[in-house]
Amino acid sequence: MSTSSPTLPPSPSLSLAALDAAGEDAFVALLDGVYEHSPWIARRAFARRPAGGFPSLAALKHAMATVVREAALDEQLGLIRAHPELAGKAMVAQALTAESTNEQSRAGLTNCSPEEFARLQQLNADYNARFGWPFILAVRGPRGDGLTRQQIIETFARRLNAHPDIERAECLRNIHRIAEIRLNDKFGVAPTLGNQVWDWAESLARFSDPGFAENGQLTVLYLTDAHRAAAAQLADWMRECGFDEVGIDAVGNVVGVYHGEHHGQVDEPPRLLTGSHYDTVRNGGKYDGRLGILVPMACVRELKRQGRRLRHSIEVIGFSEEEGQRYKATFLGSSALVGRFDPAWLDQADADGVVLRDLMRDAGLPGTMAAIQALKRDPARYLGFIEVHIEQGPVLNELDLPLGIVTSINGSIRYVGEVRGLASHAGTTPMDRRRDAAAAVAELILHVEERAGAVPEVVGTVGQLQVPNGSINVIPGRCRFSLDLRATTDAARDALDADVRARLAEICERRGVSFTLERTEAAAAAPSDAAWQARWEAAVDTLGLPVHRMPSGAGHDAMKLHQAMPQAMLFQRGLNLGISHNPLEAISNDDTELCVQAFLALLDRL
């Protein structure tokens, strides 16, 4: 089932037992070369070594990353400058360390065409002139097999435009990734389960809607040909993994069940429900939603390989729709499971006039409320719902943590609004006589930023701004805007909402303008179930990693299942500053290996 050749683990030259037995100097010597010309990192990591030694390789990696994060700025810059340029003078002079020589040669940088080499030399010069340090990239990439020269050049050019603070942090994160791969080589470790999930995600991304596929972009909207092909592929993989039941239901959800040891018996215990969505936003990423389907699939595949049955059956669902991209309805897939599918949705038309009911029937689905209502799950038959998801944010990246425990999914309120003032000449209207609609909205934006920033775990965003028929020499008479308010509790969300609306009214009254405000969405917060959150925490702890608790600012299928049963989520770190809903969305095979292992640990404890 893997879409590329399996990565064979290198021969180990080091073990945790050897590290545990080593004194400080021997410890530093054993880790020589992990961080380029920087033995101080290993020395300080030795000082952090727990009494019983590092419990796992992941714990050692995190300890070394923490040393760097807590180091002084000049030490961090020294670490960055200890690295050679890509395809630079040191490579030409054959003066690289053995580790760097291996990495740059595996990426093909020793075989650049004259044009590629010239381009890299120019990028190196421009980058050093802008930042004052060499460009750092883990050229073996998120799977460890190596990036192409084109991928390297494209990443180089993109990051050249970054803010220095952001770029310094990205260099350090890439240094940690380089160190991680070097440690894997020393310990003879290959993240085979993480590789499998990564390969599945890459393969699934070959299905994309017309207009995007031709440009190498990923877009999978509800019940398009690409969407149906993705569903069929997931179903095929589930069968290959060893699921006992696999099917596609009346709203296009892909459902797989791996039976427990008591399946079919009168006293059969409740099932565990898990999964996420496989649709995407337009020009989105490969892991949003899909990670939460593929990780439990890998767990079932591993259980089947081991010939194991758990006490409880596992039901994995690839939800057909969560993003709300094609119709003015979100969570179509998970809403059906909790009996919240709105019958009016069936009569909605998309931008091309295709009615949802007709689309379903053309896709071979019943398109009837009776069939959809039959999908509602009986909560008594389930232990609860758990979901794995990429974080879609920068927090885990900044903490050098691969996994995080979700404490609550934020509640949200959204509005679209418009302020109306008076359009007048920009040159002849004195500043104290203006009724500037855009200035009023600008003042609102600053209030939202200040008010939300004053309370922990509360956020507010004005993401859309438009001055209809605006002109460079005309004071804006109208300004349209959006408003997105979120918090971990409904009380905090509602307090923010009330304050923002009151300030909008005050601003408009003071400035002599009027406003309209239409609420378009209200979603309740979904706190994690305490018992299931504790199970995720215990699972992460077994990996030797710190347990970091955090809210989810984004909505997830789990917040719909929350309406029917206990739920809790596990976040996995995303690369590239945690960017999501974007082609730059990325994960590493090592982080994904830990995610699968955490999921397996949770299953074992059931």
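Residues numbered from 1 in each chain as written. Predicted model: local features only at pLDDT ≥ 70, side-chain atom pairs only at ≥ 80, totals over all residues. Heavy atoms only, no water.

Chemist: Give a detailed account of the environment of Asp352, specifying residues and quantitative values.
Modeler: For Asp352, the position within the fold is in the loop between α14 (332-337) and α15 (356-362). Sequence separation between Asp352 and Arg326 is 26 residues, and the spatial gap between their C-alpha atoms is 9.7 Å. (Helix = DSSP H or I, 4+ residues; strand = E, 2+ residues; numbered from the N terminus.)

Chemist: An account of empty space enclosed by the protein is requested, with residue identities and associated values reported.
Modeler: Across all of its chains, the model carries one cavity of 30 Å³ or more by this definition. Estimated volume of the largest cavity: approximately 130 Å³. Every residue lining the largest cavity is counted, 14 residues in all, and those nearest its centre are Leu86, Glu103, Gln104, Leu137 and Ile178. For the lining of the largest cavity, the elements supplying multiple residues, two or more each, are α7 (98-106) and α10 (164-187). (1 Å grid on protein atoms, 1.4 Å probe; cavity = no way out; pocket = protein on both sides within 12 Å on 5 of 7 lines; lining within 4 Å. Points joined across faces, edges and corners; volume = space filled by probe spheres on them.)

Chemist: How would you sum up the packing of aromatic side chains? Please name residues and give values.
Modeler: Following the criterion strictly, the structure yields 11 aromatic pairs and no others. Judged by centre distance (5.0 Å) and plane angle (75°), the rings of Phe341 and Trp345 are edge-to-face. Exposure class is identical for Phe341 and Trp345. Each is buried. Taken together, Tyr127, Phe131, Trp133, Phe135 and Phe156 form an aromatic cluster joined through their ring pairs. (Phe/Tyr/Trp six-rings, centres within 6.5 Å; stacked < 30°, edge-to-face > 60°. Buried < 20%, exposed > 50% of the residue type's maximum accessible area, 1.4 Å probe, protein only.)

Chemist: Would you mind going over the pattern of salt bridges in detail, with residue names and values included?
Modeler: In a structure, side chains of opposite charge can pair up when their charged atoms sit close to one another. Under the definition given, this model contains 43 salt bridges. Of the charged contacts, one joins Arg420 and Glu418 as a salt bridge, the two residues approaching to 3.4 Å between their closest N and O atoms. Taking the shortest distance from any N to any O, the salt bridge between Glu537 and Arg549 comes out at 2.8 Å. Of the two residues, Glu537 sits in helix α20 (residues 530-542) while Arg549 sits in strand β15 (residues 549-552), which places them 12 residues apart along the sequence. The exposure class of Glu537 is buried, given its relative accessible area of 15%. Shared partners join several salt bridges into a network, and the residues in it are Glu443, Arg503, Glu506, Arg510 and Arg511. (Salt bridge = Lys/Arg side-chain N within 4 Å of Asp/Glu carboxyl O.)

Chemist: Describe the pairing of strand β1 (residues 245-248), naming the residues involved and giving the relevant values.
Modeler: When β1 meets strand β2 (residues 254-258), the two strands line up antiparallel, connected through four bridges. In the sheet register, Glu245 faces β2, and the bridge partner there is Val257. Counted between consecutive antiparallel strands, the loop separating β1 from β2 contains five residues, among which Gly252 sits at a positive phi close to 90°. (Pairing = 2+ DSSP bridges.)

Structural measurements only, silent on function.
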